[in-house]
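This is what each chain is made of:
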Amino acid sequence: MSRSRLILAACATMLIAAGCRPDPPPPDPVPTGPTAEELERMRQDSIRAAEEAARRERERMEQEAAAARERAAAAARRTLMEVVYFDYDEATIRPDTEERLRAKLDILRDTPGVRLRMEGHADERGTSEYNFALGNDRAESVIRFLTGFGLDMGRFSSVSYGEERPVAQGSTEDAWAQNRRVEFVITAGGNDLGR
């Protein structure tokens, strides 16, 4: 044997005799992941969290839809109740009056349960009897306009207040113009608006 081999063998023998041994291999790693029970609990927690998120989203969407319906109902109510005006000593539908009445048509068609009362008014000029008749003519003129588009006459009623319920005081053209009007009152079906 060669001299270097002999030295190596002698060194190895001395190391073994001195109690120096090579390190043993490391033990197999201990599993550190979740147990099957923990995994199932995590899965159930995840399902509950997803269900809760879905419930909150449904509630949010329902609230948004309810708010949108209420906004639509309020807008429809404002349109239906928008006052129309007439010229002095006239019950003829003016172009601006026609525009306002046409805005009411789609709402009335979409909500057949809605009923309206037309309240006719006049300014202070003329006798009380004449102004009651003129207020009635104005209310009936509005009803004829709406029923001319196929709406049922039974949905509408009228009343005249003549000059007795002015919205503007004074004997000026501006005050008189505001008092020559037909107002609208929803008498039935108001809860159907915005649906």
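Just so you know, these numbers come straight off a predicted model, no measurement behind them.

Caption draft 1: The arrangement of the packing of aromatic side chains in detail. The tally for this structure, following the rule as stated, stands at 1 aromatic pair. Seen from their ring centres, Phe145 and Phe149 are 5.1 Å apart, and the 55° between their planes marks the pair as tilted. When its relative accessible area of 29% is taken as the criterion, Phe149 is described as partly exposed. The residue whose ring lies beneath Arg125 is Trp176, and the NZ or CZ to ring-centre distance is 3.7 Å. Lying across the ring of Tyr161, Arg165 places its NZ or CZ 3.7 Å from the centre.

Caption draft 2: Region of the structure containing unusual backbone geometry. We note that Asp89 has phi near 60°; this positive angle belongs to a residue other than glycine. Looking at the secondary structure, you find Asp89 in the loop between β1 (84-85) and α3 (95-110). Overall, the relative accessible area of 36% leaves Asp89 in the partly exposed class.

Caption draft 3: Spotlight on the sheet that holds strand β2 (residues 115-121). The 4 strands are arranged β1-β4-β2-β3 in an open sheet whose pairing can be described as mixed. Either end of the sheet is taken by a strand with one partner, and the two such strands are β1 and β3 (156-162). On the sheet, helix α4 (residues 128-147) packs against β1, β2, β3 and β4 (181-188) and is oriented at approximately 155° with respect to β3.

Calculation criteria
Residues numbered from 1 in each chain as written. Predicted model: local features only at pLDDT ≥ 70, side-chain atom pairs only at ≥ 80, totals over all residues. Heavy atoms only, no water. Phe/Tyr/Trp six-rings, centres within 6.5 Å; stacked < 30°, edge-to-face > 60°. Buried < 20%, exposed > 50% of the residue type's maximum accessible area, 1.4 Å probe, protein only. Lys NZ or Arg CZ within 6 Å of the ring centre and 35° of its normal. Helix = DSSP H or I, 4+ residues; strand = E, 2+ residues; numbered from the N terminus. Pairing = 2+ DSSP bridges. Contact = heavy atoms within 4.5 Å. Axes fitted to C-alpha atoms, helices over the stretch in contact; angles between N-to-C directions.

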